[in-house]
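# Coordinates in review
Chain by chain, the residues run as shown.
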Amino acid sequence: MTYGDDATVRRILQDDGDTWAVVGLSTNTRRAAYGVARVLQRAGKRVVPVHPRAETVLGEQGYATLADIPFPVDVVDVFVNSGLAGDIADQAVGVGAKAVWFQLDVVDEDAYARTTAAGLDMVMDKCPAIELPLL
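The sections below set out a description of the structure shown in this document. (Residues numbered from 1 in each chain as written. Predicted model: local features only at pLDDT ≥ 70, side-chain atom pairs only at ≥ 80, totals over all residues. Heavy atoms only, no water.)

### Some thoughts on the pattern of salt bridges
A side chain with one charge may pair with a side chain of the opposite charge, provided their charged atoms come close. One pass over the full model with this rule turns up 6 salt bridges. Put simply, Arg46 and Glu60 hold a salt bridge, and the shortest N to O gap is 3.3 Å. Here Glu60 lies in the loop between strand 2 (46-50) and strand 3 (75-78) and Arg46 lies in strand 2, a separation of 14 residues in the sequence. Residue Lys98 is joined to Asp74 by a salt bridge in which the shortest nitrogen-to-oxygen separation is 3.5 Å. In this pair, Lys98 sits in the loop between helix 3 (82-94) and strand 4 (99-102) while Asp74 sits in the loop between strand 2 and strand 3, placing the two residues 24 residues apart along the sequence. A relative accessible area of 42% means that Lys98 is categorised as partly exposed. (Salt bridge = Lys/Arg side-chain N within 4 Å of Asp/Glu carboxyl O. Helix = DSSP H or I, 4+ residues; strand = E, 2+ residues; numbered from the N terminus. Buried < 20%, exposed > 50% of the residue type's maximum accessible area, 1.4 Å probe, protein only.)

Written out as C-alpha cells, the structure reads:
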C-alpha cells in the first residue's frame, strides 16, 4: 500500500515549509539521516537535529525532543524504527507541524491514520532524498 501519493510528496517538499526537524539525526556521518539531512540542506531546507544527545549537526543546534525546539517546525522527518515512530508522529501533531515524513521501512498505519485525521500531510516508507530529484 502507498502512504503518500505524488501530490502529497510534492506538497510536503515544495509547499509545506522549509524547516525540517530530523528525528534521529546525529553527528554519525555513516547514518542515512546524516546524508538525507545534507540533501535537504542543499535543497534549501533548514534542518533541525532531534536526538537525545541534542548535538549540533551540519551547523544547526540540536534538540532532545520536538517540544524543545523554540520555533515552528514545518515538517518532521522520522529516522527511528516503526515501533517508536507513532509517538513521534503524535508529537509532531502536538507541536503544530504541517507534515510528517516516515523514512524508508518506517511504517505505522495507525499513526498515519491519526496524523492525517489531524489534518497533517504524511508520507511513509519513502525518502525525500530520492523524491526531490523526481519533482
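Read on for the rest.
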